[in-house]
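# Notes for the structure review
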Amino acid sequence: MSNPTDTQSIILSRAAARPGNLALPLPDRLHGAAAKSVVGKMMSRGWLEEVDANLRRGEPLWRETGDGQGTTLIATEAGLAAIGIDPVAAGAVARARKAKVEQGATFEVPPTSGRTGTKQAQVIALLQRAEGATVAEIVEVTSWRAHTVRGMISGALKKKLGLPITAEKVEGRGTVYRIDLVAIPSTN
């Protein structure tokens, strides 16, 4: 089995964090023929599946089938396994997220990196903590320089993976970064 590309990993990671493992909406920069190509490859590998969209729940449409009906895309168990996410855990997280977001609470998202134990995964774990993390704390864990940490947060995590990172000045600690789990869009 081949490894997913960065774009495919983003699509699958976002799907794992959504109720029902919905793969839509796709990343902002992906549309038109490029979107069809990426989705087609993912479907041929069994990572995405086209299912009837529940328009009453407002599920986004991938393709219209006529008579006001359409299909949407969901990540399959094989797709979640391709990025290292246990499908059972992802389903449980999606259900917990749906219930807790309705109550205004936070939840933990599954890993967004295809590989566990990487420095990116360590940074995400630090940012998911309730107390968040400062650049200095991340430097201590990763042995990176401060500019590399800031670049990782703004580039890889915010822009590439689409994680909602917040920054807050905390007296005695400095700027604390967190993943704002309530801000992750819901498609229910």
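Below: a short report on this structure. The numbers attached to residues start from 1 for each chain and follow its sequence in the written order. Only residues with pLDDT of at least 70 are given local features in this predicted model, and only at 80 or more are side-chain atom pairs given and counted; all residues enter the totals for whole chains, interfaces and linings. The basis for the side-chain values is all heavy atoms of the structure; hydrogens and waters are excluded.

### Regarding the overall build of the protein chain
In DSSP terms, a helix is any run of H or I states spanning at least four residues, a strand is any run of E spanning at least two, and both are numbered starting from the N terminus. Of the regular secondary structure elements, the protein chain holds seven helices and six strands. When the helices and strands of the protein chain are listed from N to C terminus, the series reads α-α-β-β-β-α-α-α-β-α-α-β-β. Summary of the burial criterion: residues with accessible area below 20% of their type's maximum are buried, those above 50% are exposed, and those between are partly exposed, where the area comes from a 1.4 Å probe applied to protein chains only. A buried classification covers 40% of the 188 residues belonging to the protein chain. The contact rule is simple, with two residues in contact once any of their heavy atoms fall within 4.5 Å. Sequence separation of at least 24 residues holds for 56% of the intrachain contacts in the protein chain that already meet a minimum separation of 6. Throughout, the Shrake-Rupley method with a 1.4 Å probe supplies accessible areas, and for residues the shown protein chains are the sole cover considered. Carbon and sulfur atoms provide 50% of the accessible area of the protein chain, an area that totals close to 10,100 Å².

### Section: unusual backbone geometry
Of all residues except glycine, most have a negative phi; of all peptide bonds, most are trans. The linkage connecting Leu-24 with the following residue, Pro-25, adopts the cis geometry, with an omega of 0°. Position of Pro-25 among the secondary structure elements: in the loop between α1 (6-16) and α2 (33-44). Of note, the phi angle at Ser-143 is positive, near 65°, even though the residue is not glycine. Along the chain, the position of Ser-143 falls in the loop between α6 (135-142) and α7 (146-160).

### What about the sheet that holds strand β4 (residues 133-134)?
The strands making up a sheet associate through backbone hydrogen bonding, with each pair oriented either parallel or antiparallel. Reading across from one edge, β4-β6-β5 is the order of the three strands in this open sheet, with antiparallel pairing throughout. The sheet is open, and its two borders are formed by β4 and β5 (165-170), each paired with just one other strand. Here a strand pair is declared whenever DSSP counts at least two bridges between the two strands. In this sheet, strand β6 (residues 174-179) lies alongside β5 in antiparallel orientation, the contact comprising six bridges. When the sheet's bridge partners are listed, Ala-167 is paired in β6 with Tyr-177.

### Regarding the sheet that holds strand β2 (residues 63-66)
Sheet architecture is open: three strands sit in the order β1-β3-β2, paired in antiparallel fashion. Of all the strands in the sheet, the pair left with one neighbour each is β1 (48-52) and β2. Taken pair by pair, the neighbouring strands of this sheet meet at an average axis angle of 35°, ignoring direction. Examined bridge by bridge, β2 and strand β3 (residues 69-75) share three bridges and lie antiparallel to one another. In the sheet register, Glu-64 faces β3, and the bridge partner there is Gly-70. Each axis is a line fitted through C-alpha atoms, and for a helix only the stretch in contact is used; angles between axes span 0 to 180 degrees, taken between their N-to-C directions.

### A look at α7
In this model, α7 (15 residues) spans 19 Å end to end at C-alpha, consistent with the 21 Å of a helix rising 1.5 Å per residue. Bend, at a single residue, is the angle you get between axes fitted to the 7 residues ending at that residue and the 7 residues starting at it. At Met-152, α7 shows its maximal kink, close to 30°. Along α7, the residues that are buried comprise Val-149, Met-152, Ile-153 and Leu-157. For α7, the elements touching its buried residues are α5 (119-128), α6, β5 and β6. Gly-162 occupies a position one or two residues after α7 and carries a positive phi of about 75°. By definition here, a helix of n residues has an expected span of 1.5 Å times n minus one.

### Remarks on the packing of α5 against α7
Direction vectors running N to C along α5 and α7 enclose 100°, while the axes themselves pass 12 Å from each other. Judged on the interaxial angle alone, α7 and α5 are roughly perpendicular. Facing Gln-120, Val-123, Ile-124 and Leu-127 of α5, the residues of α7 in contact are Met-152, Ala-156 and Leu-157. Each residue belonging to the contact of α5 with α7 can be placed in one class, and the counts come to six nonpolar, one polar and no charged. Angle categories: roughly parallel below 35 degrees, roughly antiparallel above 145, roughly perpendicular from 65 to 115, and oblique for all the rest. Residue classes follow a fixed rule: Ala, Val, Leu, Ile, Met, Phe, Trp, Tyr, Cys and Pro count as nonpolar, while Asp, Glu, Lys and Arg count as charged, and any other residue, Gly among them, counts as polar.

### With respect to the pattern of salt bridges
One side-chain nitrogen of Lys or Arg within 4 Å of one carboxyl oxygen of Asp or Glu is enough to make a salt bridge. The tally for this structure, following the rule as stated, stands at five salt bridges. As a salt-bridge pair, Arg-129 and Glu-137 come within 3.6 Å of each other at their nearest N and O atoms. On the basis of relative accessibility, which here comes to 31%, the residue Arg-129 falls in the partly exposed class. Arg-178 serves as the salt-bridge partner of Glu-168, at 2.8 Å between the closest nitrogen and oxygen.

Coordinates in, geometry out; function isn't part of it.
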